[in-house]
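# Observations on chain architecture
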Amino acid sequence: QVHLVESGGGLVQPGESLRLSCATSGFIFGNYPMSWYRQAPGKERELVAYIISGSGSNTYYPDSVKGRFTISRDNVKDTLYLQMNSLEPEDTAVYFCNVDLEDPTSHRGVKPYWGNGTLVTVST
């Protein structure tokens, strides 16, 4: 059974920082790229960070968070992280971690797995 469990969300003021964690189990964590997504009220889920498998030496961020967010991984602890600095009210959302695993029965050949999310609220 694949499990992804996010934690670390909360209420912060603009300019403050938070570190999110995603504890995983049920697959060989180090072998897979991982992502963080977020979904704000009334909006579609959007990608905010991506990290390759293994060393995680390559990452991707959209312009909206580039320079403020940092994704990292600990392949010993099977845990994904998202360091969020200089938070803005526009960052308010539920944050999810994601992994796509092989699934021969799926049309795309992969199946996405998601955690339940952790809420980040940035407000005065």
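Residues numbered from 1 in each chain as written. Predicted model: local features only at pLDDT ≥ 70, side-chain atom pairs only at ≥ 80, totals over all residues. Heavy atoms only, no water.

### Here we look at the overall build of the chain
Note the cut-off: By the criteria applied, helices consist of DSSP H or I runs no shorter than four residues and strands consist of E runs no shorter than two, each listed in order from the N terminus. Values of the radius of gyration come from C-alpha atoms, whereas the globule rule sets the reference at 2.2 Å times the count of residues to the power 0.38. Accessibility here uses a 1.4 Å probe with only protein chains present; expressed as a share of the type maximum, an area under 20% marks a residue as buried, one over 50% as exposed, and anything in between as partly exposed. Each accessible area value is a Shrake-Rupley result obtained with a 1.4 Å probe; residue values ignore everything except the protein chains displayed when judging cover.
When helices and strands are counted, the chain shows 0 helices and 11 strands. Shown N-terminal to C-terminal, the secondary structure of the chain runs as helices and strands in the order β-β-β-β-β-β-β-β-β-β-β. Its C-alpha atoms give the chain a radius of gyration of 14 Å, within 12% of the compact-globule value 14 Å for 124 residues. Projected onto its principal axes, the C-alpha coordinates of the chain cover approximately 45 × 30 × 25 Å. Scored against the burial criterion, the 124 residues of the chain give a buried share of 39%. Just so you have it, the chain exposes about 6,800 Å², and 48% of that area is on carbon and sulfur atoms.

### Considerations on the pairing of strand E3 (residues 18-25)
What counts is decided by this rule: Pairing between two strands requires that DSSP report at least two bridges joining them.
As defined by bridge partners, strand E1 (residues 3-7) adjoins E3 across 5 bridges and the pair is classed as antiparallel. Directly across from His3, in E3, lies its bridge partner Ser25. As paired elements, E3 and strand E8 (residues 79-84) share 6 bridges and run antiparallel to each other. If you follow Leu18 over to E8, its bridge partner there is Met84.

### With respect to the packing of aromatic side chains
A ring pair, where both rings are aromatic, is described by two values, the distance of the centres and the angle of the planes. Inclusion rule: Note on aromatic contacts: the rings of Phe and Tyr and the six-membered ring of Trp form a pair at centre separations within 6.5 Å, being stacked when their planes are under 30 degrees apart, edge-to-face when over 60 apart, and tilted otherwise. Lysine and arginine charges are scored as sitting over a ring when NZ or CZ, respectively, is within 6 Å of the ring centre and within 35 degrees of the ring normal.
As enumerated under the stated definition, the model contains 4 aromatic pairs in all. For the pair Phe27 and Phe29, a centre-to-centre distance of 6.4 Å together with 50° between the ring planes defines the contact as tilted. Across the pair, Phe29 and Phe27 agree in class, each one buried. Ring centres 5.0 Å apart and planes at 70° place the aromatic pair Tyr37 and Trp114 in the edge-to-face group. Of this pair, Tyr37 sits in strand E4 (residues 34-39) while Trp114 sits in strand E10 (residues 110-114), and the two are 77 residues apart along the sequence. Overall, the relative accessible area of 34% leaves Trp114 in the partly exposed class. Taken together, the aromatic side chains of Phe27, Phe29 and Tyr32 make up a single cluster linked through ring pairs. Positioned over the ring face of Phe96 is Arg45, at 3.8 Å from the centre of the ring. One residue, Arg73, lies across the ring of Phe29, its end atom 4.4 Å from the ring centre.

Shape is all these values report; function is a separate question.
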